Amino acid sequence: MEKPPLLDGEDGSVLAESRSDVALVSADEEGSAGAHGQEDDRPAWDSKLQYVLAQVGFSVGLGNVWRFPYLCHQNGGGAFMLLYVMLLLIIGVPLFFMELAAGQSIRQGSIGVWKHISPRLAGIGYSSCMVCFFVALYYNVIIAWSLFYMGNSFQYPLPWEQCPVDMISNQTVKECAASSPTSYFWFRKALDISDSIDQSGEFNPILTGCLLAAWAIVCLAMIKGIKSSAKVMYFSSVFPYAVLICFLIRGLMLDGAIEGIKYMFYPKLEIWGEVQVWRQAATQVFFALGLGYGSVIAYSSYNPVHNNCHRDAIMVSGINFMTSVLASLVVFVVLGFRAKNIALDCVATLLCSPKLHLDRVKTGVEGTGLAFIAFTEAMALFPASPFWSTLFFLMLLNLGLSTMFGTMQGILTPLMDNFRVLGRHKTMLTVCSCILGFFIGLLFTQRSGNYFVTMFDDYSATLPLIIVVVFETVSVAWIYGADRFLDDVEVMLRWRPPVVYCYLWKYVCLLGMVGLLAASLLRMVFKRPTYTAWNHTTGSETSLEYPGWALVMLSTLIIVASLPVPVGYLLSFLRGGQSLPVEEGEVQTPRVRYSKYNSSEPESNNHHSPLDEDRNRPRSTFLHLGAEHYVLLPQQEDGEEEEDTGL
C-alpha cells in the first residue's frame, strides 16, 4: 500500500496539522494482505547477500584504490586515517543510515522519496538523477581505459616497459626519453593527448571502440533491472578483493615493502590543524559512501520493509573503510618497492640522493596517475608481469562496473517509479540511456578528452551532491522531524535506534555538510580553477588555468545539476504550497488515511485521533507498514480533499 505524502504547508504548523489528519486503526490479516497487494509488483532482491554485494559494489569504487591512498600519502598517513574514521562515524554512517531507512520505508527512488516527504522537495531527487548522469558519462570512460590497458596486457614484454625507437632517426623517441616509458604510453599511446584543452583534435578510434564496449557491458548487465545486474555483482563485487589480497601477498615479498607500510601508518598529527585536510577527509567520506547519488536509496527500496537497515549501514561503511585500508596497503607496498628501485639506481649512478627520488614517487600517486603510470611501472618489474597487469586492470574493470551499475540505478529507478510510461518500457529506457551516454561520452574520446574527464570529476558532482545532501538532511531532520523519523524507523525495525541519531542529523551532520559546502565554495572563488596538462615537448605535466569558455562550461555543469532543487521549491511555492503538476505518464500516489488501535477496543472507537492516546507525541505516519496491521479509513469527498491538501 502506498504511503501518504506529507502535506506541504507554508510552515511547520501545517505539518503538525497533517499529522493529526491521519488516524490510526488496527485491522485483521485480510486488511494486511490488501496492504501488501500494490507492492507485490515491485522487484526485490533474491537474497540479503545479493543486496549487500550491490551496496558494497557501489560504494567501493575506483576512489578507494587511488583517491584514499593518495590522501593518506599527502596528509599524514595514520593521522589522516584517524580523522577519516572520526568523520565516518559522526557524519558518514548517520547520513548513510538515513538514506537507507528512507528508501526502504517509502520503497521509491530518490524522486519519490523526497516528494513523499514534501512535494516542494521533489527537486532533490531530480538533482540526484542529473549528478548520476554526469558521473556515468565520464566514469564509463575510465572503464574504457581499463579495457584498453587490459587488452594491451596480453603481450610480452608489456608495451610500456621500454621506450620506442624512432624509425627514421633510429633513436629513442624524445618525448619518452624526457619522461618515462609508462608516462609516454599513457599520454601518447593511450590518450594521444593534446597540449591543452583548447586543442580538441580528432577522435581516438581505439578509445571510442573501448567506450562502446563499456556501454554495451553496462547495458547488457542492466537490461533486466536488478535481476540481471545483481547476478553480475556476485563476480564484480568479490573479484577485486581476491586481486587485492593476491597483490598484497606478492607485494610483501618485494624489497622496500616494509618501508612503504611504515610510511603509510606513521602519524603526523600536526596536519589536524590544517583546514584543507579536514575538507579532504570529509569529502572522501562523502564520496566513499555514495551519499546524495540516489543509488543507495534505489537499492534499499527493493528491500523487505522490516530489513535491519541500521546493521546494513554499519556493515557497509565498515567494509568500505577496510577496503580502503587494504587498497592503501597494496599501493604503499608497491610504491615502497618502486621508490627503493629508483633510489638504488640513483645512488649507483651517483647522480642524486635517495630522498629526492622518494619525493618524485610521491608526486605520481594521485588519481589516474596511480593506476596508469605508477602502478604499471611497478608491475613491469614483477616476474610474469603480463599476468599481474591483466589481473590488475581486470580488477579496475570490475570496480568500475559495480559502481557504474549503482550509478545507473540511481537514474533509472526514480524515473521508472515516477513515470508510468517509462516504467512500462524498462528495457527501452535502459537501452536509450546507454546509447545517449555513449554519444555524449564521445566528448571524452577526442585528444583533449582527458581534460574534460578532469573537469567533470572535479566540478559536475562535488558541489551539487553536497547541496543535495544538505537539503536531504534539512528535510528529514527539520521539515519532517528527526524524532518523528526515528519513530518510523522504530516501527520498521521493530526496535528503536539510539536517540543520538536525532542530534547527529539535526546538528552535527548538517553543520558538517554546510561547512564542507562553504569550504568548497570559498576554494573555488579564491583559487581560479586549473587543470594538469601534458607538454609533449618537455615530456612533463604542467598546471594551466581553464580558458573562459571552459569556466562557463564547468559553471553550467554545477548550475544544471543543482538547479532542480530551488526550481522545484519555487514552482511549488508559486502554486501556493500545492504539489508539482503531474506530467504525462507520471505516477501520482493517492493520499490514504490510516488508523491503528488495540484490537481489543470496540470497533466504534476506531476513528479517534492519535492525540487522544498521547498528546505529547503523535503517532508517525511516514511508514505504511508496522508491527500492527493497517486498513484504509473512509476518504473525504474529492473536492473537500483537494481543497485541504492541494493534491
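In every chain, residue numbers begin from 1 and rise along the written sequence. This being a predicted model, a pLDDT of at least 70 is required before a residue's local features are given, and a value of 80 or more before pairs of side-chain atoms are given or counted; all residues contribute to the totals for chains, interfaces and linings. No hydrogens and no water enter the side-chain calculation; it runs on all heavy atoms of the structure.

### So, the overall build of the protein chain
Where helices and strands are cited, they refer to DSSP runs of H or I of at least four residues and of E of at least two residues respectively, numbered from the N terminus. Within the protein chain one finds 28 helices and four strands. By the burial criterion, 57% of the 647 residues in the protein chain qualify as buried. Working rule for contacts: check all heavy atoms of both residues, and any pair within 4.5 Å makes them a contact. In the protein chain, the share of contacts with a sequence separation of at least 24, taken over all contacts with a separation of at least 6, comes to 83%. For every accessible area listed, the method is Shrake-Rupley and the probe measures 1.4 Å; residues are considered covered only by the protein chains on display. For the protein chain, the exposed area adds up to about 26,700 Å²; of that, 62% sits on carbon and sulfur atoms. Buried means the residue's accessible area, taken with a 1.4 Å probe over protein chains only, is under 20% of the maximum for its type, while exposed means over 50%, and partly exposed covers the values in between.

### Things to note about the pairing of strand β2 (residues 540–545)
Strands are labelled as partners when DSSP assigns at least two bridges between them. Sheet topology places strand β1 (residues 530–535) next to β2; six bridges connect them, and they run antiparallel. Bridged to alanine 533 within β2 is threonine 542. Counted along the chain from β1 to the antiparallel partner β2, the turn is four residues long, and its residue glycine 539 has a positive phi close to 65 degrees.

### Some remarks on the state of the cysteines
The disulfide criterion used throughout: a pair of cysteine sulfur atoms within 2.5 Å. Under the criterion given, the structure shown has one disulfide. Disulfide pairing places cysteine 163 opposite cysteine 176 at an S-S distance of 1.9 Å. Where cysteine 163 bonds to cysteine 176 through sulfur, the torsion about that S-S bond is close to -80 degrees, and the disulfide is left-handed. Of this pair, cysteine 163 sits in the loop between α7 (122–152) and α8 (174–178) while cysteine 176 is found in helix α8, placing the two residues 13 residues apart along the sequence. Residue cysteine 176 is classed as buried on the basis of its relative accessible area of 1%.

### Looking at the packing of helix α23 (residues 462–493) against helix α25 (residues 548–562)
Remark: α23 packs on α25, axes separated minimally by 8 Å, with the N-to-C direction vectors making an angle of 20 degrees. On the basis of the axis angle, α23 is roughly parallel to α25. Handedness of the crossing formed by α23 with α25: right-handed. Every residue of α25 that contacts α23 at Leu463, Pro464 and Ile467 is listed here: Ile558, Ala561 and Ser562. The axes are straight lines fitted to the C-alpha atoms, using for helices just the contacting stretch, and the angles between their N-to-C directions are given from 0 to 180°. Just so you know how the angles are binned, under 35 degrees is roughly parallel, over 145 roughly antiparallel, 65 to 115 roughly perpendicular, and the rest oblique. Handedness of a helix crossing follows the sense of rotation of the near helix relative to the far helix, less than a right angle counterclockwise being left-handed and clockwise being right-handed.

### Observations concerning the pattern of salt bridges
What makes a salt bridge here is a side-chain nitrogen of Lys or Arg within 4 Å of a carboxyl oxygen of Asp or Glu, nothing more. Per the stated rule, a full pass over the model turns up seven salt bridges. Measuring nitrogen to oxygen at the nearest pair gives 3.1 Å for the salt bridge that ties lysine 48 to aspartate 312. Here the residue lysine 48 occupies a position in helix α3 (residues 48–59), and aspartate 312 occupies one in helix α16 (residues 309–349), the gap between them amounting to 264 residues. Among the residues examined, lysine 48 registers a relative accessible area of 30% and is labelled partly exposed. Between glutamate 490 and arginine 496 there is a salt bridge, and its shortest N-O distance comes to 2.8 Å. Each of Glu175, Arg188, Asp192 and Arg447 takes part in salt bridges that share partners, so that together they form one network.

### Describing the packing of aromatic side chains
Stacked, tilted and edge-to-face are the three classes applied to pairs of Phe, Tyr and Trp rings, where Trp contributes its six-membered ring and a pair requires centres within 6.5 Å; stacked means planes under 30 degrees apart, edge-to-face means over 60, and tilted covers the rest. Tallied over the entire structure, the rule returns 46 aromatic pairs. Measuring from ring centre to ring centre gives 5.0 Å for tyrosine 149 and phenylalanine 393, while their planes differ by 35 degrees; the resulting arrangement is tilted. Here tyrosine 149 is found in helix α7, whereas its partner phenylalanine 393 is found in helix α19 (residues 385–418), with 244 residues between them in sequence. Take tyrosine 149: its relative accessible area is 1%, and that puts it in the buried class. Between phenylalanine 247 and phenylalanine 392 the ring centres are 5.9 Å apart and the planes differ by 75 degrees, which places this aromatic pair in the edge-to-face class. Of this pair, phenylalanine 247 sits in helix α12 (residues 239–252) while phenylalanine 392 sits in helix α19, and the two are 145 residues apart along the sequence. Since its relative accessible area comes to 2%, phenylalanine 247 is described here as buried. Charge-over-ring placement is defined geometrically: NZ (Lys) or CZ (Arg) within 6 Å of the ring centre, and within 35 degrees of the ring normal. It is arginine 120 that lies over the ring of tyrosine 569; its NZ or CZ is 5.3 Å from the centre.

### Examining helix α24 (residues 500–526)
A helix is expected to span 1.5 Å multiplied by its residue count minus one. A rise of 1.5 Å per residue sets the reference length of α24, with its 27 residues, at 39 Å; its end C-alpha atoms lie 37 Å apart and thus fit the reference within 8%. When the local axis directions of α24 are compared, the greatest deviation, roughly 30 degrees, occurs at cysteine 509. Every buried residue of α24 is listed here: Tyr501, Cys502, Leu504, Trp505, Lys506, Cys509, Leu510, Met513, Leu516, Leu517 and Ser520. Throughout, bend refers to the angle between the axes fitted to the seven residues that end at a position and the seven residues that start at it.

### Let's talk about α19
The periodicity of an α-helix, 3.6 residues per turn, causes residues three or four positions apart to be oriented the same way. Taking 1.5 Å as the rise per residue, α19 with 34 residues should run 50 Å; its terminal C-alpha atoms sit 50 Å apart, in good agreement. The sharpest bend along α19 measures roughly 25 degrees and falls at glutamine 409. Counting buried positions along α19 gives 32 out of 34 residues, so the element sits mostly inside the fold.

### Observations regarding unusual backbone geometry
For the bond from tyrosine 156 to proline 157, the omega torsion is -5 degrees, close enough to zero to count as cis. With respect to the secondary-structure elements, proline 157 resides in the loop between α7 and α8. Phi is positive for arginine 107, which is not a glycine, with a value near 55 degrees. The class for arginine 107 is buried, based on a relative accessible area of 10%.

### Examining the UniProt feature "binding site: Na(+) 1" (unreviewed entry) in the protein chain
UniProt positions are given in the numbering used here, feature names are shortened, and annotations may be inferred rather than shown by experiment. Under the UniProt annotation, "binding site: Na(+) 1" (unreviewed entry) lies at Gly57, Val60, Asn64 and Leu399. Over a stretch of 343 residues, the named residues converge on one spot in the fold, their C-alpha atoms separated by at most 11.4 Å. With respect to the helices and strands, the residue asparagine 64 is situated in helix α4 (residues 62–74). A relative accessible area of 2% places asparagine 64 in the buried class. Setting aside residues up to four positions removed in sequence, asparagine 64 forms contacts with Ser59, Pro69, Asn320, Ser324 and Ala327. Of note, leucine 399 is situated in helix α19. Classification of leucine 399 as buried rests on a relative accessible area of 5%. Sequence-distant contacts of leucine 399, that is, excluding residues within four places in its chain, are made with Val60, Gly61, Leu62, Val65 and Pro240.

### Describing the UniProt feature "binding site: Na(+) 2" (unreviewed entry) in the protein chain
Residues annotated by UniProt as "binding site: Na(+) 2" (unreviewed entry) correspond here to Asn320. Within the element layout of this structure, asparagine 320 appears in helix α16. Once residues within four sequence positions are removed from consideration, asparagine 320 is found in contact with Ser59, Val60, Asn64, Tyr84, Ala288 and Leu289.

### Some points on the side chain of asparagine 64
Of the polar contacts made by the side chain of asparagine 64, one reaches the side chain of asparagine 320; its length is 3.3 Å. At 2.7 Å, the side chain of asparagine 64 and the side chain of serine 324 are in polar contact. Polar contacts, as counted here, are pairs of nitrogen or oxygen atoms within 3.5 Å of one another; within protein the pair requires one atom able to donate a hydrogen and one able to accept it, and residues that are adjacent in sequence qualify only if both atoms are side-chain atoms.

### Points about the side chain of serine 301
Within the fold, serine 301 resides in the loop between α15 (295–300) and α16. A residue is classified by how much of its surface remains accessible, and serine 301, at 0% relative accessible area, is buried.

### Some words on the environment of leucine 381
Mapping leucine 381 onto the fold places it in the loop between α18 (368–379) and α19. Here leucine 381 falls in the partly exposed class, since its relative accessible area comes to 47%. Ignoring sequence-local partners within four residues, the contact set of leucine 381 consists of Phe337 and Asn341.

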